[in-house]
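As a plain string of letters, each chain reads:
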Amino acid sequence: MRDPHEPNLRPARPSDLEALVALLGDLFSLEADFTPDPERQRRGLMLLLDGSEDRRVFVADAGGRAVGMATVQVLVSTAEGGPVGLVEDVVVAPEHRGRGLGRRLLAALEAWALERGLTRLQLLADRDNAPAFAFYEKAGWEGTRLVCWRKRG
């Protein structure tokens, strides 16, 4: 039986927007490659919340407020010969960390991906964020030899 004080996991709603922007501010303040920009985060979240079946935002809801989130988007992989998922924005509010919410959010994304026949999930993590590496490894994720590159337009 679930503890009634434990946050529920659910798909995000447009009414979660400002709480999600705040969570992304927490996340991007930890990552060297990104700077919190609430307007950009709002725009990106609105695209993720547009109702498309090719993306999902899950939230951990505590008393009607999103205190954790994780996103996934479908891509096509030629290596896999089919659809895969790109996981981003895995973050839990500092006061709710250490209670298993991150693992539960990842499990929700994994179940969503399995239902859609995705053959792989992948994510990026800041190379200096040792706690994130430990978290993902404990959750069954494996590091790869790939390195992320980017070019801004």
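For the structure itself, consult the block above.
Residues numbered from 1 in each chain as written. Predicted model: local features only at pLDDT ≥ 70, side-chain atom pairs only at ≥ 80, totals over all residues. Heavy atoms only, no water.

> Where do I start with the overall build of the protein chain in this structure?
Looking only at helices and strands, the protein chain features four helices and five strands. Listing every helix and strand of the protein chain by position from the N terminus yields β-α-α-β-β-β-α-β-α. The C-alpha atoms of the protein chain give a radius of gyration of 15 Å, which matches the 15 Å a tight globule of 153 residues would have. Projected onto its principal axes, the C-alpha positions of the protein chain cover 45 × 35 × 35 Å. Here the protein chain holds 153 residues, and 38% of them are scored as buried. Residue pairs at least 24 apart in sequence account for 61% of intrachain contacts in the protein chain once pairs closer than 6 positions are excluded. (Helix = DSSP H or I, 4+ residues; strand = E, 2+ residues; numbered from the N terminus. Rg over C-alpha atoms; globule rule 2.2 N^0.38 Å. Buried < 20%, exposed > 50% of the residue type's maximum accessible area, 1.4 Å probe, protein only. Contact = heavy atoms within 4.5 Å.)

> Please explain helix 2 (residues 38-48) as it appears in this structure.
Spacing of three or four residues puts side chains on the same side of an α-helix, whose turn is 3.6 residues. Regarding helix 2, the residues found buried are Q41, L45 and L48. The buried residues of helix 2 occupy an angular sector of 55° when projected down its axis, which confines them to one face. The exposed residues of helix 2 that point more than 90 degrees off its buried face are M46 and L47. Of the surrounding secondary structure, the elements contacted by the buried residues of helix 2 are helix 1 (17-28), strand 2 (55-62), strand 3 (65-77) and strand 4 (82-92). (Arc of directions from axis to C-beta.)

> Just checking my understanding: could you explain the environment of L105 for this structure?
Checked against the element boundaries, L105 lands in helix 3 (residues 101-115). For L105, a relative accessible area of 0% corresponds to the buried category. Taking the C-alpha atoms as reference points, L105 and S77, 28 residues apart in sequence, are found 24 Å from one another. Residues in contact with L105, not counting those within four places in the same chain, are L9, F58, V59, A60, G68, M69, A70, V91 and V92.

> Before we go on, may I ask you to explain helix 3 in this structure?
The end-to-end C-alpha separation of helix 3 is 21 Å, in line with the 21 Å expected for 15 residues at 1.5 Å each. Within the sequence span of helix 3, burial applies to L101, G102, L105, L106, A108, L109, W112 and A113. In a view along the axis of helix 3, the buried residues occupy a sector of 155°, so they form one face of it. For helix 3, exposure combined with an orientation more than 90 degrees from the buried face picks out L114 and E115. (Expected span 1.5 Å × (residues − 1).)

> Help me understand the side chain of D16, please; the structure alone is not making it clear to me.
For D16, the position within the fold is in the loop between strand 1 (8-11) and helix 1. Judged by relative accessible area, D16 falls into the buried class, the value being 4%. When neighbours within four sequence positions are excluded, D16 is seen to be in contact with R10, V59 and A66.

That's the geometry; what it means functionally is another story.
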